[in-house]
Amino acid sequence: MGVPAARIVFDESDRRAVADAVTEMLSTGALTLGPWTERFEEAFATEHGATHAVAVASGTAALEIVLRAIDVRGRDVVVPAVTFYATAAAVVHAGGRPVLADIDPDTLALSPGTVEAVLTPATAAVVLVHIGGLITPHVDALRALCDRRGIPLVEDAAHAHGSSYDGRAAGTFGLAGAFSFYPTKVTTSGEGGMILTESAEIRDEARIHRDQGKGAFTANHHIRHGASWRMSEPNAAVGTVHLRRLKEFLETRRRVARRYDAGLAGLDGLRTPVEPAGCRSNYYKYVALLPPGVDRAAFKRAVAEGHGVRLSGEVYDLPLHHQPVFAEYRDARLPVSEDVCARQICLPVHSDMTEDETDQVIEAVSAVHRRLAG
Ligand SMILES: *Cc1c(COP(=O)(O)O)cnc(C)c1O
């Protein structure tokens, strides 16, 4: 038996739908920037209640394009210390300087306090990351803070397909939201990304940037330093087919999370994730914190070797200032980020997870907790 760390779910009918779409595009020759890309954009915008969507090659490209459209060159961009490398890398690639802010221990996201502490006249943008799929209930306060300072708020919503706060979906809280469809994300296109925005200007800039900075699809004049950031039609077809499952995936994932909440409630010192009022997470990750002093590597090894349960990857095991490539930030003091990265474990959540699998995880975590943390 056992439970894997991750499982990508395409059922028989979805596989057939993708195969049919690919057969069709191979016969028409429409292999990039064609009807499937438009369909995917329209469906993704509708799913999130957004006005405009622009499909691109990756989540990192989506972020970089938004930051290039803002033009952060030579200026600071606030990012949380707890995020994927790509959030900060997109800033660097767009010519900006990442400024690391600490996180709120309850939501694992930026808070108005941690952002305010690092804002300067050189701040060009703030990137909010919905870690694990939870949109912080402080998102409106963050937006208001940015608005007061005249700074755009950008969402890195790579974790947050279909997540919402106050009935509003990820990607609609700031100037633009960037999504990733890397295979580990809640829905995938193989590789790919999406920009959501209310701004027709950002939409137009994104379309220009993704296609080598060309002024028009059919023209050969280049008006921006864009790149090869198009989404291919096969990727768009995979993404469109997978997106149709988002609602049922979220229901399953949320059911798993509620079962974990109940099953793990009695474990001393293990902090399970709390979903604040108004928040509806997609549970991209179920992030729990081990009691201080418990050896995470030993914990993970024990649930794997003793119970066949593989925990999923952390979000994240190192804060950005401890990544070798960001050595110049090494001495930063970001205590909450450091603590959350050191102590977190992520329980497996699959979009087709069974109650039996969920119970296996609960039993494994409970038994190992008794032994290592009890
Ligand atoms: C996956 C991810 C990205 C990057 O997406 P790619 O599609 O792999 O480029 C960016 N930010 C976060 C938080 C992510 O998890």
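Residues numbered from 1 in each chain as written. Predicted model: local features only at pLDDT ≥ 70, side-chain atom pairs only at ≥ 80, totals over all residues. Heavy atoms only, no water.

The protein chain is annotated in an unreviewed UniProt entry as DegT/DnrJ/EryC1/StrS family aminotransferase from Kitasatospora paranensis. Taken from UniProt, the Sequence similarities (unreviewed entry) comment for the protein chain reads in full: "Belongs to the DegT/DnrJ/EryC1 family. L-glutamine:2-deoxy-scyllo-inosose/scyllo-inosose aminotransferase subfamily." (UniProt positions renumbered as here; feature names shortened; annotations may be inferred.)

Explanation requested: the site of the ligand in the structure shown.
Around the ligand lies a shell of 15 residues, among which Gly-59, Thr-60, Asp-156, Ser-180 and Lys-185 are the nearest. In this structure, a nitrogen atom belonging to the ligand sits 2.7 Å away from a side-chain N or O atom of Asp-156. Starting from 390 Å² of accessible surface for the ligand in isolation, the protein chains cover 92%. When residues of the shell around the ligand are traced back to their parent elements, those giving at least two are α3 (59-70) and α4 (85-93). (Near = heavy atom within 4 Å. Polar contact = N/O pair within 3.5 Å; in protein donor to acceptor, adjacent residues only side chain to side chain. Areas by Shrake-Rupley, 256 points an atom, 1.4 Å probe, with all protein chains shown as cover. Helix = DSSP H or I, 4+ residues; strand = E, 2+ residues; numbered from the N terminus.)

Would you explain the side chain of Asn-282 in this entry?
Relative to the elements of secondary structure, Asn-282 occurs in the loop between β10 (279-280) and β11 (286-289). Within the structure, Asn-282 has its side chain in polar contact with the backbone oxygen of His-159 (distance 2.9 Å). A distance of 3.0 Å separates the side chain of Asn-282 from the backbone oxygen of His-161, its partner in a polar contact. Sequence-distant contacts of Asn-282, that is, excluding residues within four places in its chain, are made with Gly-132, Gly-133, His-159, Ala-160, His-161, Ser-163, Val-186, Leu-250 and Arg-253. (Contact = heavy atoms within 4.5 Å.)

I would appreciate a short explanation of helix α1 (residues 12-28) in the present structure.
Residues spaced three or four apart along an α-helix face the same direction, because each turn holds 3.6 residues. With 17 residues, α1 ought to run about 24 Å at 1.5 Å a step, and its terminal C-alpha atoms sit 25 Å apart, in line with that. Among all positions of α1, only Asp-14, Val-18, Ala-21 and Met-25 are buried. End-on view of α1: buried residues confined to an arc of 65°, all on one side of the axis. Opposite its buried face, α1 presents the exposed residues Arg-15, Thr-23, Leu-26 and Ser-27, each directed more than 90 degrees away. Considering only its buried residues, α1 is in contact with α2 (35-48) and α8 (233-243). Count one or two residues on from α1 and you reach Gly-29, which has phi positive near 80°. (Expected span 1.5 Å × (residues − 1). Buried < 20%, exposed > 50% of the residue type's maximum accessible area, 1.4 Å probe, protein only. Arc of directions from axis to C-beta.)

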